[in-house]
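Each chain is listed here by its residues.
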Amino acid sequence: MSCAVDVKEAFDVLMIAIHPSRLAFAAAESWKVGAQLRERLSGYDEALFDLARVLALEGAAGYPNGPHYWNEVANTFIDGLVARHTSGTASGPRGMLGKATLARIKDYILSHLDDPIEIAALAEIAERSPFHFCRVFSRSVGMSPHRYVVHLRLQHAIGLVREGRTGFAEIALSTGFADQSHLSRWVRRVYGVSLRQLAP
């Protein structure tokens, strides 16, 4: 996760920028279909502020606990933001996929990570034409079906890397990446670190 921090003294206010696709992915993971950040946070969210403070101090100190720790804290921050500071309808607005459909799509992807995943197969689960499915999926989740598949593959691959039970090449193939280099490029692109930096 790309980041930049500038902290020179004690602070009481933090400004945090989150890429829209990362927020959309977190919302999709928690099934908050159509979730939107509220314009203003109501009240004082101490847990959220404490996490933000950790992110700022870690970045300012050069990430002494490593990128894995920083990313875990960042993910917890974003999950808290989605859980407590977004609004959205439970069933999803018209023209969007519902929670049950999204759950079926996710289950299908996770059970076929090491196989080619065709848009047509996902569209069939959603009972839409492939063209219409791509549009409604992107509107519902905030990213294309392809990018969502890559994110799920990457999440699973990172979990295997952190367990350290098998080689990078095997992990890449078992999670649907063409090879170790392909997986490495995505890890670098999304997390900003190498595969070896994520290993235990």
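Please read all numbers here as calculations on a predicted model, not as lab measurements. (Residues numbered from 1 in each chain as written. Predicted model: local features only at pLDDT ≥ 70, side-chain atom pairs only at ≥ 80, totals over all residues. Heavy atoms only, no water.)

### Thoughts on the overall build of the chain
Each helix and strand in the chain was counted, giving ten helices and two strands. When the helices and strands of the chain are read in sequence order from the N terminus, they spell out α-β-α-α-β-α-α-α-α-α-α-α. Every one of the 200 residues in the chain was classed for burial, and the buried ones make up 38%. Restricting the contact set of the chain to residue pairs at least 6 apart, pairs at least 24 apart contribute 68%. (Helix = DSSP H or I, 4+ residues; strand = E, 2+ residues; numbered from the N terminus. Buried < 20%, exposed > 50% of the residue type's maximum accessible area, 1.4 Å probe, protein only. Contact = heavy atoms within 4.5 Å.)

### Side note on helix H5 (residues 119-126)
Buried residues of H5: Leu122, Ala123, Ile125 and Ala126, and no others. All buried residues of H5 project into a common sector of 155° when viewed along the axis, lining one side. In the stretch just after H5, Glu127 is the one whose phi turns positive, near 60°. (Arc of directions from axis to C-beta.)

### Considering the environment of Ser138
Position of Ser138 relative to the elements: it lies in helix H6 (residues 130-141). Its relative accessible area of 29% is what places Ser138 among the partly exposed residues. Remark: the alpha-carbon pair of Ser138 and Tyr148, spanning ten residues in sequence, is separated by 9.3 Å. When neighbours within four sequence positions are excluded, Ser138 is seen to be in contact with Met143, Ser144 and Pro145. At 3.0 Å, the side chain of Ser138 and the backbone oxygen of Cys134 are in polar contact. Here Met143 takes part through its backbone oxygen, which lies 3.5 Å from a polar atom of the side chain of Ser138. (Polar contact = N/O pair within 3.5 Å; in protein donor to acceptor, adjacent residues only side chain to side chain.)

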